[in-house]
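Residue-level listing of the chains:
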Amino acid sequence: MTPQGVTFDGGASVIPLTPLSRTGRQAYPQGHLYSDIDGHLKARRTAETNGSFLWRVHDKLYDLTPYLDFHPGGREWLERVRGCDATEAFEAHHLDGDKAERALSKFYVREVEPGEFDCGDRFTYDADGFWRTVRERCLVALKGAVGPSTSTLDATSATPAMQIASGMILAQFISTFGLACVSGSWLAAGGCGLTMAGMWGVGHNYLHQSEKKAGWWPYALNVVPGINAEEFKVTHALSHHLVPNLKADYESRFYTSNGKHGFTNPEPLSLRYWYMKAAFIPILGAFKGAGTGIKKLVAGGPGSAWLPPLFPAAQLGLYRAAGNSWRESLKLWMIQMTVHTLAFVPFALGVHHNAVDPNDDGAELISKQGRSTYSWQEGQPGGVDDFGEHQVISTIDHSILSRQQHLPEVLVHWLSLTCFGYLNDHALHHLFPALDHSKHAIVRDVFEQTCREFKVPYQERGAIAMAAGFHRYVQNHQVVPLHSISKL
Ligand SMILES: [Zn+2]
């Protein structure tokens, strides 16, 4: 049976974006969606609290200014959402919700008046609903495993084995890059491109965590052109993670819409266009990063985080410094970067949120729900209100290596980080983004049990089926123009 809204004969079609009962936030003003991050946050503040300096959580406003330096997650996370509706961020990042609510209540200012800031439908967080239940049970399981006297911050942080595995990933990147520089070998440059997937894994894992705990690890992401850890905290952690697959999801819009993201191609998304985009990300990203780094240095002085955005361009300089000609250096650099993006981007960007059902054993289930993709997307029937349920139905897991618990722990984490491990347990990662990947195994059983109990359709698919499914998604869907999204 052909799922509704998709043609499988190679012709382009558009996912029917009909309004749903649950559509989450309104899309942010179009002009800001793909521009600079400051513009994006400014647009959110205007839409969500009319430019207030207060923080909104649920239907209350708070002034967290005196708490900035005491926030266990670090002051920067609070500063980023100042003036925003931080409800989803507050819920998702505090596994011990009761404790966080008690801390928050000390900074209460006033209630939000009915209709005062109307920024779209909202998720629900009922005490006996799926989200609150699964969060509480996972906290109990975690504290049971690490010891009840351990603080939640320590309980959710990386294990020593994860720290060692992360160090191994960094060492393998530096050594393969060094080998490529010294040997001038194209093969070594390509190998280094593959090791960059591990750097993604490491950077992404720590990026979501307390800035006091994560240290410099998030900057591992910066070796990849076009990715700046500081921007990624907004576009990924504070947008995509909190409203996945909704029109306000910054990241999903990047690859499913024709927004201003460096390309202004008005044509429908085509396979060639999409993969071309992936191939050109290195060049554009390196230039953008160099510009960002220089801008930060000029504006903030030597103390600002100006160096990490320059990492990709600096790698080109290091090829030259190792004695390769400029022409040869550029070739080696391009091989390294495009091997990385072509091996990684098509798989990593959309596979857990956009893959189309390739008519495997999940076809019946999906078509019964009136969907065309494994995961629920805005515009399809079956939207849900509960925050946690939404996270699960808009995400599909795959499992390759992270469940090989018979192997030594360091090896499990190393394999997981190296081989797309950051994408395993994706539903759990979406529910509890600040929980280190090394702790997923502790809460996995209680999570799956709670899904069964609440009849939340958690799904797992084979990695190959999902990669093929994303290819099919790109092949069969027209890109959705942004103006039609924001009109809905
Ligand atoms: Zn993430």
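Only a predicted model underlies this, so the values are computations on that prediction, with no experimental measurement involved.

K.L.:
Honestly, the overall build of the protein chain in this entry has me stumped. Any pointers?
P.N.:
Each helix and strand counted, the protein chain has 22 helices and five strands in total. Here the protein chain, with 488 residues, has 45% of them falling under the buried criterion. Long-range contacts, defined as pairs at least 24 residues apart, comprise 72% of the intrachain contacts of the protein chain with a sequence gap of at least 6.

K.L.:
Help me out: how do you make sense of helix 18 (residues 409-418) in this one?
P.N.:
Every buried residue of helix 18 is accounted for by Val-412, His-413, Trp-414, Ser-416, Leu-417 and Thr-418. Where the residues of helix 18 are buried, they touch helix 8 (160-183) and helix 9 (186-207).

K.L.:
Mind showing me how you'd approach the nonpolar core here?
P.N.:
In summary, soluble globular proteins display a tendency toward joint burial of nonpolar side chains. If you look at the biggest cluster of nonpolar residues, it comprises 54 residues, and the most contacted ones within it are Met-199 and Leu-221. Elements with a contribution of two residues or more to this core: strand 1 (55-57), helix 4 (87-93), helix 8, helix 9, helix 11 (229-240), helix 14 (311-321), helix 15 (326-354) and helix 18. Once residues within four sequence positions are removed from consideration, Met-199 is found in contact with Ile-169, Phe-173, Ala-220, Leu-221, Val-223 and Val-224.

K.L.:
In this structure, what is going on with the sheet that holds strand 1? I would like to understand it.
P.N.:
Strand pairs in the sheet, formed through backbone hydrogen bonds, run parallel or antiparallel to each other. Spatially, the three strands line up as an open sheet ordered 1-2-3, and their pairing is antiparallel. Of all the strands in the sheet, just strand 1 and strand 3 (108-111) have a single pairing partner and so form its edges. Taken over all neighbouring pairs, the strand axes of this sheet differ in orientation by 30° on average, direction set aside. Bridge analysis of strand 2 (residues 60-62) against strand 3 gives three bridges, and the strand direction is antiparallel. Across the sheet, the residue bridging to Lys-60 is Glu-111, located in strand 3.

K.L.:
What should I look at first to understand the confidence of the model for the protein chain in this one?
P.N.:
Reading predicted coordinates in detail is not appropriate for stretches of low pLDDT. On average, the protein chain scores 79 in pLDDT, and the residues at 70 or more come to 75%. Counted against residues more than four places away or in other chains, residues 258-268, with its pLDDT under 50, gives 19 contacts. Confidence over residues 478-488 falls short of pLDDT 50; this stretch has 32 contacts with residues more than four positions distant or in other chains.

K.L.:
What am I meant to see in the packing of helix 6 (residues 130-146) against helix 20 (residues 440-453) here?
P.N.:
If you want to describe how two helices pack, look at the angle between their axes and the distance between the axes. In contact at an axis separation of 9 Å, helix 6 and helix 20 are set at 150° when each is read in the N-to-C sense. In terms of their interaxial angle, helix 6 and helix 20 are classed as roughly antiparallel. Between helix 6 and helix 20 the crossing geometry is right-handed. Each of Phe-130, Thr-133, Val-134, Arg-137, Cys-138, Ala-141, Leu-142 and Ala-145 in helix 6 lies in contact with helix 20, whose residues at this interface are Ile-442, Val-443, Val-446, Phe-447 and Thr-450. Here the residues of the contact of helix 6 with helix 20 are counted per class, giving ten nonpolar, two polar and one charged.

K.L.:
Just to check I follow, could you spell out the environment of Gly-129 for this structure?
P.N.:
Of note, Gly-129 is situated in the loop between strand 3 and helix 6. Counting along the chain gives 257 residues from Gly-129 to Asp-386, while the straight-line C-alpha distance between them is 7.0 Å.

K.L.:
Where do I start with unusual backbone geometry in this structure?
P.N.:
A negative phi angle characterises most non-glycine residues, just as the trans form characterises most peptide bonds. For Asn-50, which is not glycine, the phi torsion reads 55° and is therefore positive. When you line up the elements, Asn-50 lands in the loop between helix 2 (37-49) and strand 1. Given 10 C-beta atoms within 10 Å, Asn-50 falls into the exposed group.

About the criteria used
- Residues numbered from 1 in each chain as written.
- Predicted model: local features only at pLDDT ≥ 70, side-chain atom pairs only at ≥ 80, totals over all residues.
- Helix = DSSP H or I, 4+ residues; strand = E, 2+ residues; numbered from the N terminus.
- Buried ≥ 20, exposed ≤ 12 C-beta atoms within 10 Å, placed from the backbone.
- Contact = placed C-beta atoms within 7 Å.
- Core = buried A, V, L, I, M, F, W, Y, C linked by C-beta atoms within 7 Å.
- Pairing = 2+ DSSP bridges.
- Axes fitted to C-alpha atoms, helices over the stretch in contact; angles between N-to-C directions.
- pLDDT = per-residue confidence, 0-100.
- Parallel < 35°, antiparallel > 145°, perpendicular 65-115°, else oblique.
- Left-handed = near helix turned anticlockwise from the far one by under 90°.
- Nonpolar A, V, L, I, M, F, W, Y, C, P; charged D, E, K, R; others polar.

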